[in-house]
Amino acid sequence: IVDAPPGLHGHEIEISPLAGGPRTHSLVRERRTATKTVYAAVYPALAEGDYVVWDEDGIPAGRVSIRGGQATRFRWPEVAPASPVPVSPVLAGTA
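One structure accompanies this document, and this report is about it. (Residues numbered from 1 in each chain as written. Predicted model: local features only at pLDDT ≥ 70, side-chain atom pairs only at ≥ 80, totals over all residues. Heavy atoms only, no water.)

### So, the side chain of D3
- Relative to the helices and strands, D3 resides in strand β1 (residues 2-4).
- At a separation of 2.8 Å, a polar atom in the side chain of D3 contacts the side chain of R73. (Helix = DSSP H or I, 4+ residues; strand = E, 2+ residues; numbered from the N terminus. Polar contact = N/O pair within 3.5 Å; in protein donor to acceptor, adjacent residues only side chain to side chain.)

What follows is the structure, given as structure tokens:
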């Protein structure tokens, strides 16, 4: 399971074996629980092993290890906050 931010809703996330091999993808969907809404991509049939999770630009977003018979979660890296934009002080009487 790849936990994703709401901004990836409707996007596909690819994953591939770390040792190489074909990528597989899953769509990020909205999933509602009794208390909240979450967004996730689910990969129900991955074999045990180490995988690379890819971002939309084809850059590795991280790694995850799948162990047989266990559900595994990967949390999508959050976007860093934007740098503050410097604001010039307003001079009295010019605004």
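### Describing the sheet that holds strand β7 (residues 60-66)
- Read across the sheet, four strands follow the order β3-β2-β6-β7 without closing on themselves; strand pairing throughout is antiparallel. Every other strand in the sheet has two partners, leaving β3 (24-27) and β7 as the edge strands with one partner each. Averaged over neighbouring strand pairs, the angle between their axes works out to 30° when direction is ignored. (Pairing = 2+ DSSP bridges. Axes fitted to C-alpha atoms, helices over the stretch in contact; angles between N-to-C directions.)

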